Amino acid sequence: MAARGHVQDPNDRRLRPIYDYLDNGNNKMAIQQADKLLKKHKDLHCAKVLKAIGLQRTGKQDEAFTLAQEVATLEPTDDNSLQALTILYREMHRPELVTKLYEAAVKKVPLSEEYHSHLFMAYARVGEYKKMQQAGMALYKIVPKNPYYFWSVMSLVMQAISAQDEKLSQTMFLPLAERMVEKMVKEEKIEAEAEVQLYFMILERLGKCVEALEVIRGPLGEKLTSELQSRENKCMMLYQRLQRWAECNALAHKLLLKNPDDWQFYPAYFDSLFHLMDQSWSPPEEGQHCSEGSVHHTVTEVVRFVEDRIKGEDSKDSHALRGPYLARLELIHRLRERGCPEESMLGEPLELMVQFFGKFGDKPCCITDLKIYLHLLSPEQHVQFINRLSEAVPLGEQGEEGFAFPDDTKALQRHLCVCQLSRALGLHHCLDVDGKLRLITELKAHYHHGLKFGKNALKTELQFSDMYCLMASHIYIDLWKETGEEDMVWQCLGLLLEGLSHSPSNAQFKLLLLLLYCHLGAFDMYNTTP
């Protein structure tokens, strides 16, 4: 409403001061200026609407609505009045009135592209999908542009999505939308990527996976460029739905050659392998294995492929990718589930996880990466595993408290990862009461030591050592449940509040505090927790 470009219409010049007052929040002056203008020009409808906007913003909604309806009943067609009424109705939260406004404008000016498009958008805001479809086609007949045609098609899809009768969607709305797009395809009028995406959506909802695959792999699929690997991702999804495991395997293999760290394709690669094995699939004697290229249909081939990706990462001096190393653990997990003896070809899980920790232990994601594969370790290996990891954590000399602390944030992250993995393996829960209290003392010491690394952190940033505080708090809760001593929960509350004073944005501290307040019945404290 502020910038109105080069002024040519005299009315624009007269209205400009009112617009300026409204834009600057000076609503009373806007009303006064509108009154002055209306005394001289009683038929200046836009001035009335601008006055109504000023009244609306000063809390006089009834007066504003009455004034607006006086103008609306005249069915104005000037752009200024229509835009001002649209703004007013939006502020009144009455979008349905905008549709009536532009319905009247379109009747009076039936060839206006602008008014027809405004009418379509007004219908969209109130979810009138049937009328959107009609408005879109009416607009396309006036101005035959692709976007307007596909507005109508999308309106049909929205009718299908919102229809309560699924049969109606599948037999009427979606088939009609499909025919409309096919007409444009046959006439070679498809221009934009969004049009191909819409065609794909329609075919997908109709369950026509074969036809959708032909679209994606054909010339239309070349228009899918806005997202990285959009075409390949859609092909992969369709291959899986169609259970075309050979193509799924070959495509995953190709994509992993390009980017060995793209985790989404490893599960598809392994799933397709086992489906092919279950089907006793074998490649043809001549020619390509499938339309996507060569297929790895034996465990030996897949193991060799994963090992080759790891060798490629091992040869790097820095910035190794996690994907291939995690893929090896995932493959061991899947082979063990199926009872395949080839599991031993990949190595001992304990050694592989120690190797992974050596490469990536200083990254916060290491704990979540390894946690899901801890079941590969036997119970007898748990303590050995933690001891091996502890050896790879660079700690300084022991201080007065008898604890050795990390010298930098990377070493701190490694130590944190070991502590979290110990808890995940149940080693904290196995300790007696004295052992848990000693562990709390150690974790609190590490927490306080780690605060020095975040001295200059913003209030919205977390401290590097927050997880020590959180783990110590959980052990206090374990002791409270185990012993029933209320002192443990008070100690826990004090520690969490201390943690929150250093990390005001730590959501985990806040959630645990809320949980404890609820358990204690301290609802006043619950309501005051930030």
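For the structure itself, consult the block above.
This report concerns the structure included in the present document. (Residues numbered from 1 in each chain as written. Predicted model: local features only at pLDDT ≥ 70, side-chain atom pairs only at ≥ 80, totals over all residues. Heavy atoms only, no water.)

1. Describing the overall build of the protein chain
Quick reminder of the rule: Under the scheme used here, helices are H or I runs from DSSP no shorter than 4 residues and strands are E runs no shorter than 2 residues, and both carry numbers assigned from the N terminus. A radius of gyration in this sense is built from C-alpha atoms; the matching globule rule multiplies 2.2 Å by the number of residues raised to 0.38. Accessibility here uses a 1.4 Å probe with only protein chains present; expressed as a share of the type maximum, an area under 20% marks a residue as buried, one over 50% as exposed, and anything in between as partly exposed. Between two residues, a contact is recorded if the distance between any of their heavy atoms is within 4.5 Å. Accessible areas in this description were obtained via Shrake-Rupley with a 1.4 Å probe; residue shielding takes into account the shown protein chains only. In this tally, Asp and Glu contribute negative charge and Lys and Arg positive charge; neither His nor the terminal groups of the chain are included. Every charge is mapped onto a representative atom, which is NZ of Lys, CZ of Arg, CG of Asp or CD of Glu.
When helices and strands are counted, the protein chain shows 26 helices and two strands. Computed over the C-alpha atoms, the radius of gyration of the protein chain is 33 Å, more than 25% above the 24 Å expected from 2.2 N^0.38 for a compact globule of 530 residues. Taking all 530 residues of the protein chain together, 47% fall into the buried category. Contacts in the protein chain between residues far apart in sequence, at least 24 positions, make up 59% of those at least 6 positions apart. In the form shown here, the protein chain has an accessible surface area of approximately 27300 Å², with 51% of it arising from carbon and sulfur atoms. Positive and negative side-chain charges of the protein chain, numbering 62 and 74 respectively, have mean locations separated by a distance of 10 Å.

2. A closer look at the packing of aromatic side chains
Under the convention used in this document: Two rings belonging to Phe, Tyr or Trp (six-membered ring only in the last case) form a pair when the distance between their centres is within 6.5 Å. Interplanar angles under 30 degrees mark stacking, angles over 60 mark edge-to-face geometry, and anything in between is tilted. Whether a charge sits over a ring comes down to the Lys NZ or Arg CZ being within 6 Å of the ring centre and within 35 degrees of the ring normal.
With the rule as written, the count across this model stands at eleven aromatic pairs. A ring pair is formed by Phe 120 and Trp 151, whose centres lie 4.6 Å apart and whose planes are at 20 degrees; its orientation type is stacked. Taken together, the positions of Phe 120 in helix α7 (residues 113-126) and Trp 151 in helix α9 (residues 146-162) put the pair 31 residues apart, joining distant regions of the chain. For Trp 151, a relative accessible area of 22% gives the class partly exposed. With 5.0 Å between their ring centres and 65 degrees between their planes, Tyr 140 and Tyr 149 make a pair best called edge-to-face. Given a relative accessible area of 4%, Tyr 149 falls into the buried group. Here a set of aromatic residues connected by ring pairs shows up, and it is made of Trp 263, Tyr 266, Tyr 269, Phe 270 and Phe 305. Here Lys 234 stacks its cationic end above the ring of Phe 200, 5.3 Å away from the centre of that ring. In this structure, Arg 309 packs its charged tip against the face of Phe 305, placed 4.5 Å from the ring centre.

3. Looking at unusual backbone geometry
Even without glycine at this site, Gln 243 takes up a positive phi of about 60 degrees. Relative to the helices and strands, Gln 243 resides in the loop between α13 (230-242) and α14 (245-258).

4. A word on the side chain of His 415
Mapped onto the secondary structure, His 415 falls in helix α21 (residues 409-424). If we skip the residues at most four places from it in the chain, His 415 touches Val 393, Leu 395, Glu 442, His 446 and Tyr 468.

5. Observations regarding the pattern of salt bridges
Short version of the rule: Any carboxyl oxygen of Asp or Glu that lies within 4 Å of a side-chain nitrogen of Lys or Arg is treated as forming a salt bridge with it.
One pass over the structure, following the stated rule, counts 24 salt bridges. As a salt-bridge pair, Lys 183 and Glu 187 come within 3.3 Å of each other at their nearest N and O atoms. A relative accessible area of 42% means that Lys 183 is categorised as partly exposed. The partner of Arg 217 in a salt bridge is Glu 292, and the shortest N-O contact between them spans 4.0 Å. Linking Arg 217 in helix α12 (residues 209-217) with Glu 292 in the loop between α15 (265-278) and α16 (299-314), this pair joins segments that are 75 residues apart in sequence. Residue classification places Arg 217 among the partly exposed residues on the basis of a relative accessible area of 38%. Each of the salt bridges in this network shares a partner with another, and the network as a whole consists of Lys 183, Glu 187 and Lys 189.

6. Remarks on the packing of helix α23 (residues 466-483) against helix α24 (residues 486-502)
Heads up, the rule is: Simply put, an axis is a line fit to the C-alpha atoms, just over the touching stretch for a helix, and the angle between two N-to-C directions goes from 0 to 180 degrees. Note that the term roughly parallel is reserved for angles under 35 degrees, roughly antiparallel for angles over 145, roughly perpendicular for angles of 65 to 115, and oblique for everything else. What makes a crossing left-handed is the near helix being turned counterclockwise from the far one by less than a right angle; a clockwise turn instead makes it right-handed. Residue classes follow a fixed rule: Ala, Val, Leu, Ile, Met, Phe, Trp, Tyr, Cys and Pro count as nonpolar, while Asp, Glu, Lys and Arg count as charged, and any other residue, Gly among them, counts as polar.
Relative to each other, α23 and α24 sit at 165 degrees, their axes nearing to 8 Å. For the element pair α23 / α24, the angle class is roughly antiparallel. α23 and α24 meet at a crossing whose hand is left-handed. Within the contact between the two elements, α23 uses Cys 469, Ala 472, Ser 473, Tyr 476, Ile 477, Leu 479, Trp 480 and Thr 483 and α24 uses Glu 486, Met 488, Val 489, Gln 491, Cys 492, Leu 495, Leu 496 and Gly 499. Looking at side-chain class alone, the contact of α23 with α24 contains eleven nonpolar, four polar and one charged residues.

7. What to know about the environment of Cys 290
Considering the arrangement of structural elements, one finds Cys 290 in the loop between α15 and α16. Sequence-wise, Cys 290 and Trp 151 are 139 residues apart; in three dimensions their C-alpha atoms are separated by 38 Å. If we skip the residues at most four places from it in the chain, Cys 290 touches Ala 246, Glu 247, Ala 250 and Val 295.

8. Digging into the nonpolar core
Filter applied, for reference: Residues belong to one nonpolar core when they are buried, are Ala, Val, Leu, Ile, Met, Phe, Trp, Tyr or Cys, and are joined through side-chain atoms within 4.5 Å.
Of all hydrophobic cores here, the largest spans 90 residues; its most connected members are Val 153, Phe 270, Leu 331, Phe 385 and Leu 421. Not counting chain neighbours up to four residues away, the residues in contact with Phe 385 comprise Leu 350, Met 353, Val 354, Leu 374, Leu 377, Leu 421 and Leu 425. Among the nonpolar cores identified, the runner-up in size contains 42 residues, and Tyr 19, Leu 22, Ala 47 and Leu 50 belong to it.

9. Section: the state of the cysteines
Spelled out, the test is: Two cysteine sulfurs form a disulfide in these notes if their separation is within 2.5 Å.
Taken as a whole and assessed by the stated rule, the structure comprises zero disulfides. A disulfide-free cysteine, Cys 248 has its sulfur positioned 9.9 Å from the sulfur of Cys 290, the nearest such atom. Here Cys 492 is not cross-linked by a disulfide; its sulfur's nearest cysteine counterpart is in Cys 469, at 8.4 Å. Since its relative accessible area comes to 0%, Cys 492 is described here as buried.

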